[in-house]
Amino acid sequence: MSLPDFSLVRSSGQPYRLNEYNGQVLLIVNTATGCGLAPQFTQLEELYQRYHDQDFTVIGFPSNQFKQEKVVDSDMESICQLNFGVSFPLNETVEVNGPKTEPIFQWLKQETQGLFSNNIKWNFTKFLIDREGRVVKRYSPTTSPKAIEKDILKLL
């Protein structure tokens, strides 16, 4: 089993495919720099730094669906680096709900259906994916990244 072959675009405009991360443990997060939960960026970065050499990656997907992302894609990496120390990959701004939902979020929600309502309720919803490309857990926005560390360790 492997990750789906989604075409994605970094906030810098660089295209890539999700399956370039085959064999890695991923934590996918919908983010927003203006959200009250934005301090989670720091904990996400700590996890990324601690486990990146063990093939763990955090991927941030900025979304303005909750009206809390005012940073444009071209400034996203520099703003997140400056304000939160972020070095993990950030994508272009996406929609996580509704008719224009980014396909990766359609897939993530489908894979965790029944565990939560299908819609993403708020920024910083997190999805943990194992090395085989299976979505193993979905976390609520208020779940701190530090609380996810034990689940990450089980997959590494």
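Below: a short report on this structure.

Each value, and the rule that gives it
Residues numbered from 1 in each chain as written. Predicted model: local features only at pLDDT ≥ 70, side-chain atom pairs only at ≥ 80, totals over all residues. Heavy atoms only, no water. Helix = DSSP H or I, 4+ residues; strand = E, 2+ residues; numbered from the N terminus. Rg over C-alpha atoms; globule rule 2.2 N^0.38 Å. Buried < 20%, exposed > 50% of the residue type's maximum accessible area, 1.4 Å probe, protein only. Core = buried A, V, L, I, M, F, W, Y, C linked by side-chain atoms within 4.5 Å. Contact = heavy atoms within 4.5 Å. Pairing = 2+ DSSP bridges. Axes fitted to C-alpha atoms, helices over the stretch in contact; angles between N-to-C directions.

**Topic: the overall build of the protein chain**
- Within the protein chain, the regular secondary structure consists of 4 helices and 6 strands.
- For the protein chain, the α and β elements follow one another from N to C terminus as β-β-β-α-β-α-α-β-β-α.
- Computed over the C-alpha atoms, the radius of gyration of the protein chain is 14 Å, within 12% of the 15 Å expected from 2.2 N^0.38 for a compact globule of 156 residues.
- Taken along its principal axes, the extent of the C-alpha atoms in the protein chain is 35 × 35 × 30 Å.
- The burial tally for the protein chain puts 50% of its 156 residues in the buried class.

**Topic: the nonpolar core**
- Counting 25 residues, the largest nonpolar core has Leu27, Phe41, Phe56, Val58 and Phe88 as its most contacted members.
- When residues of this core are traced back to their parent elements, those giving at least two are β3 (25–31), α1 (40–51), β4 (56–62), α2 (73–84) and α4 (145–155).
- The greatest single-element share of this core, amounting to 5 residues, is contributed by α1.
- Look past the residues within four positions of Phe88 in its chain and what remains in contact with it is Phe41, Leu44, Glu45, Tyr48, Val58 and Gly60.
- Within the second largest apolar cluster, 21 residues are counted, among which are Leu3, Phe66, Val94 and Val135.

**Focus: the sheet that holds β4**
- Reading across the sheet, the 4 strands line up as β4-β3-β5-β6 and stay open at both edges, with mixed pairing between neighbours. One side of each edge strand has no neighbouring strand; the edge strands of this open sheet are β4 and β6 (135–139). If you compare each strand with its neighbour and ignore which way they point, the axes differ by 15 degrees on average.
- In this sheet, β6 lies alongside strand β5 (residues 126–129) in antiparallel orientation, the contact comprising 4 bridges. Opposite Lys126, over in β6, you have Tyr139 as the bridge partner.
- Each of β3, β4, β5 and β6 touches helix α3 (residues 103–111); the most contacted strand, β5, lies at about 80 degrees to it.

**A word on the environment of Leu8**
- Relative to the helices and strands, Leu8 is located in strand β1 (residues 7–9).
- Given the relative accessible area of 4%, Leu8 is considered buried.
- Through-space distance from the C-alpha of Leu8 to that of Glu102 is 9.2 Å; in sequence the pair is 94 residues apart.
- Not counting residues up to four positions away in its chain, the partners in contact with Leu8 are Gln14, Pro15, Tyr16, Leu18, Phe61, Asn91, Glu102 and Ile104.

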